[in-house]
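Take a look at the letters that make up each chain.
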Amino acid sequence: MTKSNSPSAFHTLRRTATNHLATGLAILSTLLVVAPLVAVFAYLIYKGASSLNLAFFTQIPKPVGEAGGGMANAILGSAFLLLIGSLLGVPVGISAGIYLAEFGQGGKLANIVRFTADVLNGVPSIVMGIAVYSLIVLPQKHFSAFAGGVALGIMMIPTITRTTEEMLLMVPGSVREAALGLGVPSWRAVLSITLKTASPGVITGCMLAFARVAGETAPLLFTAFGNQFWSSSLGEPIAALPLQIYVYAISPYDEWHRLAWAGALVLILLIVISVSLVRYVTTRGVLKGAN
């Protein structure tokens, strides 16, 4: 008699049970990750959706005791601050990532830059705000939109730097060799071929950095400070959505609490849209630029 090679019924049952258990744990873990976001988002809709109207997006805050008003100046101020931060942080972050991946591999300076980026990623945002306060606000003797934008830009740099480096390292070496073999200068090959190939991943890093600083309040308390009126000057204090939410949330007025919930809903919607754009880019494939 030959011994059967087929697994016993007990082993089959055990493998099936283990498979279902692992699948169930994976689904449970997914639900545990998604549940807090769904709960926060649903509660914000419940508390803030009723306060969203045309006035909220077109008017500035009303004086204490008056109903109505909006956060139009804060929404515009946040966009202005994020624009300044992006103009400062994105070019520096991408340039540093290119240096780390293409020119400084194994060098002491590259190791210092990489270590500095990792440390900056872990620095609390309030410390960043105090540093910019000491370097810019105190010498100027006034708060300003420029100081707020610098604080946000510095916070964006490490995320963009490390993401850019990792994305460039994923580009096959044959792509670089082909460009150099055709006589293309090294700097031109990096900018026109390597960086273009990794552009979806680099854009993803920029979006992640943008989403991270969009809701920051602590550094803006020491730099932009806030403003109850319209302002678009680099040298003046400026309103921002996170700042306005903070001020309204700690106030004793129910009307301001209502507007704070609406502002929080708008802020998280902006962040969700940014993350959704990240998902859209990543679904195209990190190296699809090679095509």
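Scroll up to find the structure this text is about.
Residues numbered from 1 in each chain as written. Predicted model: local features only at pLDDT ≥ 70, side-chain atom pairs only at ≥ 80, totals over all residues. Heavy atoms only, no water.

**Q** Would you explain the packing of helix α3 (residues 72–103) against helix α8 (residues 186–197) in this entry?
**A** Packed helices, taken two at a time, are described by the angle their axes make and the gap between the axes. The contact between α3 and α8 brings their axes to 12 Å, and the two run at 110 degrees. The angle between the axes of α3 and α8 places the two elements in the roughly perpendicular class. Where α3 crosses over α8, the two elements pack in a sense that is right-handed. Between α3 and α8, the residues in contact are I94, I98, E102 and F103 and S186, V190, L191, T194 and L195, respectively. Across the contact of α3 with α8, the residue classes tally to six nonpolar, two polar and one charged. (Axes fitted to C-alpha atoms, helices over the stretch in contact; angles between N-to-C directions. Helix = DSSP H or I, 4+ residues; strand = E, 2+ residues; numbered from the N terminus. Parallel < 35°, antiparallel > 145°, perpendicular 65-115°, else oblique. Left-handed = near helix turned anticlockwise from the far one by under 90°. Contact = heavy atoms within 4.5 Å. Nonpolar A, V, L, I, M, F, W, Y, C, P; charged D, E, K, R; others polar.)

**Q** Hey, could you run me through unusual backbone geometry in this one?
**A** The phi dihedral of K141 is positive, around 65 degrees, even though this residue is not glycine. You can see K141 is positioned in the loop between α5 (125–140) and α6 (145–169). For F225, which is not a glycine, the phi torsion comes out positive at approximately 75 degrees. Examined against the element boundaries, F225 turns out to sit in the loop between α10 (218–221) and α11 (241–249). Residue class for F225 comes out partly exposed when judged on its relative accessible area of 49%. (Buried < 20%, exposed > 50% of the residue type's maximum accessible area, 1.4 Å probe, protein only.)

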